[in-house]
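# Residue-level structure breakdown
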Amino acid sequence: MILFIKYLLFLLLTLSVLGAAFYSASFRRAATPGERGLKRAVMNILLGSMLVLLALMSMFLFRGSTISIVVEAVFLVLGAFNVFSGLRSYGYYSRLGKSRPQK
C-alpha cells in the first residue's frame, strides 16, 4: 500500500510540474491582462500543489530527522499558501472576465 502511495505521489508530482511548465509558457504568451492573470493563477495553484506533494513524498520516503521535518513543514506551508493565493487570484480574474463585455 505504501508503495502504491509513493508511485501515486510521484505521478501527481510529475503532472503538476508538467502542468506548471505548460501554464508558465502560455502565461508568457497571453495577450490580455485578464488571460495572463488566469494562467498565472493556475500556475500558482500547480506550483503550490507541487510543493505539497514534494513534502508528502519526503514524508513517505525518508526517516524523520529534525532537518527533514523542518523542510517538510516549510514546503507544506509555502505550498498551501501558494494554492490559497492562486485560488484567490483565479476567483478574482474569473469574476473580472465575466463582468467585462465581450468584443
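The coordinates are above.
Residues numbered from 1 in each chain as written. Predicted model: local features only at pLDDT ≥ 70, side-chain atom pairs only at ≥ 80, totals over all residues. Heavy atoms only, no water.

## A short note on the overall build of the chain
Assigned secondary structure in the chain consists of three helices and zero strands. Reading the helices (α) and strands (β) of the chain from amino to carboxyl end gives α-α-α. Against the globule reference of 13 Å for 103 residues, the chain gives a C-alpha radius of gyration of 17 Å, more extended than a compact globule. On the principal axes, the C-alpha backbone points of the chain span a range of 55 × 20 × 20 Å. Within the chain, residue pairs in contact and separated by at least 24 positions form 72% of the contacts whose partners lie at least 6 positions apart. Of the roughly 7400 Å² of accessible surface on the chain, a fraction of 71% belongs to carbon and sulfur atoms. (Helix = DSSP H or I, 4+ residues; strand = E, 2+ residues; numbered from the N terminus. Rg over C-alpha atoms; globule rule 2.2 N^0.38 Å. Contact = heavy atoms within 4.5 Å. Areas by Shrake-Rupley, 256 points an atom, 1.4 Å probe, with all protein chains shown as cover.)

## Some thoughts on the packing of helix α2 (residues 33–61) against helix α3 (residues 66–99)
Relative to each other, α2 and α3 sit at 160°, their axes nearing to 7 Å. As far as their axial angle goes, α3 and α2 are roughly antiparallel. Helix-helix and strand crossings are classified by hand; for α2 and α3 the assignment is left-handed. A per-class count over the contact of α2 with α3 returns 19 nonpolar, 11 polar and two charged. (Axes fitted to C-alpha atoms, helices over the stretch in contact; angles between N-to-C directions. Parallel < 35°, antiparallel > 145°, perpendicular 65-115°, else oblique. Left-handed = near helix turned anticlockwise from the far one by under 90°. Nonpolar A, V, L, I, M, F, W, Y, C, P; charged D, E, K, R; others polar.)

## Description of the packing of aromatic side chains
For any two aromatic rings, the description comes down to two numbers: the centre-to-centre distance and the angle of the planes. Enumeration according to the criterion identifies two aromatic pairs in this entry. Considering the side-chain rings of Tyr92 and Tyr93, the 5.1 Å spacing of their centres and the 75° angle between planes classify their relative orientation as edge-to-face. For Tyr92, a relative accessible area of 45% gives the class partly exposed. A cation over an aromatic ring shows up here: Arg36 above the ring of Phe27, its NZ or CZ 4.6 Å from the ring centre. (Phe/Tyr/Trp six-rings, centres within 6.5 Å; stacked < 30°, edge-to-face > 60°. Buried < 20%, exposed > 50% of the residue type's maximum accessible area, 1.4 Å probe, protein only. Lys NZ or Arg CZ within 6 Å of the ring centre and 35° of its normal.)

Purely geometric numbers; function is a separate question.
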